[in-house]
Amino acid sequence: MDGGNDIHGARIVNVTLASSLGAYLLRTQELGVVEGTVGALVLNPAIQPVLEALHHVLAGGEVEVRVVRAGNPDIVEELGRRAAQATQEANALNQAAGFYLTGTV
C-alpha cells in the first residue's frame, strides 16, 4: 500500500454506505466537523486531536481521552444512537450480502 499517495491525483469515487451511516456523517457535518466553504473545507480544529488519537490507535498505539467540558447531552445521545444504528444496519446489510471485511473474525 502506498500510504495514500495516489499517482492519479484527486478523483471522485463511489462508496456504498448503509443509509443510517450516511445520515450520521451528514449530521456530523451539520454539527461542524468541517468548517469553511465548498472547495475550501477544513477539519474543525477541535476535532484534529481526536482524529490524531484515532490514527494512533489504528496504528497500534494507545491513547487516553478525557472530556473537558460536556456537550449538549441530547446531541451526545443522538449521535451515540445514530452510530449504534449505523453499525447495526451496516452489519445486517453486509451479512445479508455475504460481505466480510478482510481481517475480521
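Anything mentioned here points back to the structure above.
Remember, predicted model here, so these are calculated numbers, not experimental data.

Caption draft 1: Representation of the pattern of salt bridges. This structure, assessed with the given rule, holds four salt bridges. One salt bridge in this structure joins Arg81 and Glu77, with 2.6 Å as the shortest N-O distance. In this pair, Arg81 and Glu77 are both assigned in helix α3 (residues 73-97), four residues apart and thus about one turn of the helix distant. By relative accessible area, Arg81 is classed as partly exposed at 45%. One connected set of salt bridges, linked through shared partners, spans Arg27, Glu30, Glu78 and Arg82.

Caption draft 2: Spotlight on α3. Counted at 1.5 Å a residue, the expected span for α3 with its 25 residues is 36 Å, and the 36 Å between its end C-alpha atoms agrees. Its side-chain oxygen placed 2.8 Å from the backbone nitrogen of Asp74, Asn72 serves as the N-cap of α3. Two residues or fewer after α3 comes Gly98, characterised by a positive phi angle close to 75°.

Caption draft 3: Main features of a nonpolar patch on the surface. Judged by side-chain polarity, Val13, Val15, Leu17 and Leu25 come together as a nonpolar surface patch covering roughly 360 Å² of accessible area. As for its position among the elements, Leu25 is in helix α1 (residues 19-30). Take Leu25: its relative accessible area is 40%, and that puts it in the partly exposed class.

Caption draft 4: Layout of the packing of α1 against α3. Where α1 contacts α3, the two axes come as close as 7 Å, and the packing angle between them is 150°. On the basis of the axis angle, α1 is roughly antiparallel to α3. As for the relative orientation of α1 and α3, their crossing is left-handed in sense. For the pair α1 and α3, contact is made by Ser19, Ser20, Leu21, Ala23, Tyr24 and Arg27 and by Ile75, Glu78, Leu79, Arg82, Ala83, Gln85, Ala86 and Glu89, respectively. Residue composition of the contact of α1 with α3, grouped by class: seven nonpolar, three polar and four charged.

About the cut-offs
- All residue numbers here refer to positions counted from 1 along the written sequence of the relevant chain.
- With the structure being a predicted model, the display of local features is reserved for residues of pLDDT at least 70 and the display and counting of side-chain atom pairs for 80 or more, all residues being used for whole-chain, interface and lining totals.
- Calculated side-chain values reflect all of the structure's heavy atoms, with hydrogen atoms and water omitted.
- Salt bridge, as used here: a side-chain nitrogen of Lys or Arg that lies within 4 Å of a carboxyl oxygen of Asp or Glu.
- We count a stretch as a helix when DSSP gives it H or I for four or more residues in a row; a strand needs E for two or more, and each element gets its number in order from the N terminus.
- Throughout, exposure labels follow a simple rule: accessible area from a 1.4 Å probe, protein chains only, divided by the maximum for the residue type, with under 20% read as buried, over 50% as exposed, and the rest as partly exposed.
- A helix's residues, less one, multiplied by 1.5 Å, set its expected span.
- By the criterion applied in these results, polar contacts are pairs of N or O atoms within 3.5 Å in which, for protein atoms, one can donate a hydrogen and the other can accept it, and in which residues neighboring in sequence qualify only through two side-chain atoms.
- Exposure above 30% relative accessible area and the absence of a salt bridge qualify a residue for a patch, where like charges join within 9 Å and nonpolar side chains (Val, Leu, Ile, Met, Phe, Trp, Tyr) within 5 Å.
- Per-residue and other accessible areas were derived by the Shrake-Rupley procedure at a 1.4 Å probe size, with only the shown protein chains allowed to occlude residues.
- Here an angle of 0 to 180 degrees is reported between the N-to-C directions of two axes, which are lines fitted to C-alpha atoms, with helices fitted over the stretch in contact.
- Roughly parallel means an angle under 35 degrees; roughly antiparallel means over 145; roughly perpendicular covers 65 to 115; every other angle is labelled oblique.
- In this scheme the crossing of two helices becomes right-handed for a clockwise turn of the near helix relative to the far one and left-handed for an anticlockwise turn of less than a right angle.
- Only heavy atoms enter the contact rule, under which two residues are in contact if any of them lie within 4.5 Å.
- Think of it as three bins: nonpolar holds Ala, Val, Leu, Ile, Met, Phe, Trp, Tyr, Cys and Pro, charged holds Asp, Glu, Lys and Arg, and polar takes everything else, Gly as well.

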